[in-house]
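Observations on the three-dimensional arrangement
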Amino acid sequence: EDKVVQSPLSLVVHEGDTVTLNCSYEVTNFRSLLWYKQEKKAPTFLFMLTSSGIEKKSGRLSSILDKKELFSILNITATQTGDSAIYLCAFRASGTYKYIFGTGTRLKVLA
Amino acid sequence: SQTIHQWPATLVQPVGSPLSLECTVEGTSNPNLYWYRQAAGRGLQLLFYSVGIGQISSEVPQNLSASRPQDRQFILSSKKLLLSDSGFYLCAWAGQGVFTEAFFGQGTRLTVV
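Residues numbered from 1 in each chain as written. Chains lettered and ligands numbered in written order. Predicted model: local features only at pLDDT ≥ 70, side-chain atom pairs only at ≥ 80, totals over all residues. Heavy atoms only, no water.

Residue and element names in this part refer to chain B. In spatial order, the strands read 1-3-8-7; together these 4 strands make up an open sheet with antiparallel pairing. Two strands in the sheet have a free side with no partner beyond their single neighbour: strand 1 (3–7) and strand 7 (65–70). Strand-to-strand twist of the sheet, defined as the mean angle between neighbouring strand axes without regard to direction, takes the value 20°. Bridge count for strand 7 against strand 8 (residues 73–78) is 4 bridges, and the pairing is antiparallel. Directly across from S65, in strand 8, lies its bridge partner S77. (Pairing = 2+ DSSP bridges. Helix = DSSP H or I, 4+ residues; strand = E, 2+ residues; numbered from the N terminus. Axes fitted to C-alpha atoms, helices over the stretch in contact; angles between N-to-C directions.)

Residues and elements named next belong to chain B. One pass over the full model with this rule turns up 2 disulfides over all chains. There is a disulfide in this structure between C23 and C91, and the S-S distance comes to 2.0 Å. Torsion about the S-S bond of the C23 and C91 cystine: about -75°, corresponding to left-handed handedness. A residue pair is termed long-range when its members are at least 10 positions apart, and C23 in strand 3 (residues 19–26) and C91 in strand 9 (residues 87–94) qualify at 68 residues. Assessed through its relative accessible area of 0%, C91 is described here as buried. (Disulfide = S-S within 2.5 Å. Buried < 20%, exposed > 50% of the residue type's maximum accessible area, 1.4 Å probe, protein only.)

Counting across every chain of the model gives 5 salt bridges over all chains. A salt bridge links R60 of chain A to D83 of chain A; the shortest N-O distance between them is 2.8 Å. With R60 of chain A in the loop between strand 6 (56–58) and strand 7 (61–66) and D83 of chain A in the loop between strand 8 (71–76) and strand 9 (85–93), this pair connects stretches of sequence that are 23 residues apart. When its relative accessible area of 23% is taken as the criterion, R60 of chain A is described as partly exposed. On the accessibility criterion, D83 of chain A (4% relative accessible area) is buried. D71 of chain B is the salt-bridge partner of R68 of chain B, the closest N and O atoms lying 3.2 Å from each other. Judged by relative accessible area, which is 21%, D71 of chain B ranks as partly exposed. (Salt bridge = Lys/Arg side-chain N within 4 Å of Asp/Glu carboxyl O.)

A probe as big as a water molecule, rolled over the atoms, marks out the empty space that is left. Put simply, the largest pocket is a space of about 330 Å³. If you trace the largest pocket, you find 16 residues lining it, with E1, D2, K98 and I100 of chain A together with E59 of chain B closest to the centre. Within the residue set of the lining of the largest pocket, elements represented by two or more residues are strand 1 (3–7), strand 9 and strand 10 (100–101) of chain A together with strand 5 (44–52) of chain B. For the lining of the largest pocket, the class distribution of residues is 9 nonpolar, 2 polar and 5 charged. Put simply, the second largest pocket is a space of about 250 Å³. Forming the walls of the second largest pocket are 18 residues, and the residues nearest its centre are Q38, E39, I86 and R106 of chain A together with G41 of chain B. (1 Å grid on protein atoms, 1.4 Å probe; cavity = no way out; pocket = protein on both sides within 12 Å on 5 of 7 lines; lining within 4 Å. Points joined across faces, edges and corners; volume = space filled by probe spheres on them. Nonpolar A, V, L, I, M, F, W, Y, C, P; charged D, E, K, R; others polar.)

So, about the nonpolar core. All names here are of chain A. Formed by 23 residues in total, the largest nonpolar core has its most connected members in Y25, L33, W35, Y87 and L107. Taken together, the elements giving at least two residues each to this core come down to strand 3 (19–26), strand 4 (30–38), strand 5 (44–49), strand 7, strand 8, strand 9 and strand 11 (105–110). Considering each element in turn, this core owes the most residues, 5 residues, to strand 9. If sequence neighbours within four positions are ignored, Y25 has contacts with K3, V4, F30, L33, L65, D66, K67, L70, F71 and F91. (Core = buried A, V, L, I, M, F, W, Y, C linked by side-chain atoms within 4.5 Å. Contact = heavy atoms within 4.5 Å.)

The next point concerns the sheet that holds strand 8 of chain A. All names here are of chain A. As summarised here, the arrangement of the 5 strands in space is 1-3-8-7-6, forming an open sheet in which the pairing is antiparallel. Edge positions in the sheet fall to strand 1 and strand 6, since each has one partner strand and no second. The sheet shows a mean angle of 15° between the axes of neighbouring strands, taken without regard to direction. Pairing analysis gives 3 bridges linking strand 6 to strand 7, with the strands arranged antiparallel. The residue bridging S58 from the neighbouring strand is L61, located in strand 7.

Below, the structure written as structure tokens:
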């Protein structure tokens, strides 16, 4: 059965720290991996990764995919309190319209 | 631009009562539509998805059902709510493209008492 596992489940850091969030997956016919940030209600899209080794970057956030080892990481540098949220990883397999999400990582950044 | 509307934002219902949550999308046609449920502070569980009017795929056997009476309308229903139906329900849409992301509504917080 296709699945995605995120680690850690929760994380508390101080402002300025760098964090790495992990997402590993087991899926047949991989198509894409997506990262979302959920602060209160609606998850908002961060990145879509389809190819190994190509880093996606937006400000202090970056992400990369390893299709051989079946994982992705999301890095946040110089964290701010506004980065506090649940970070969700999801994949979509070829031949399906489903987005399968992981358990999420709850990040709390202390001032 | 595309927008997704989901209502109500919060709902408190007694056990055994019916449920109807509605989701509509504007600014696009023939979207794929999804219903997810989220346990407190955790990941999203896919409940139903639809690739067209009247086409519903169920992912998890449960006390809920979904319908798509119009192209951009997706409804989540129950005839008799259970305590275990409490949770945060999110509607989402995605385009028909191969590499597309899903866009989420603001969610409905359902408490069954």
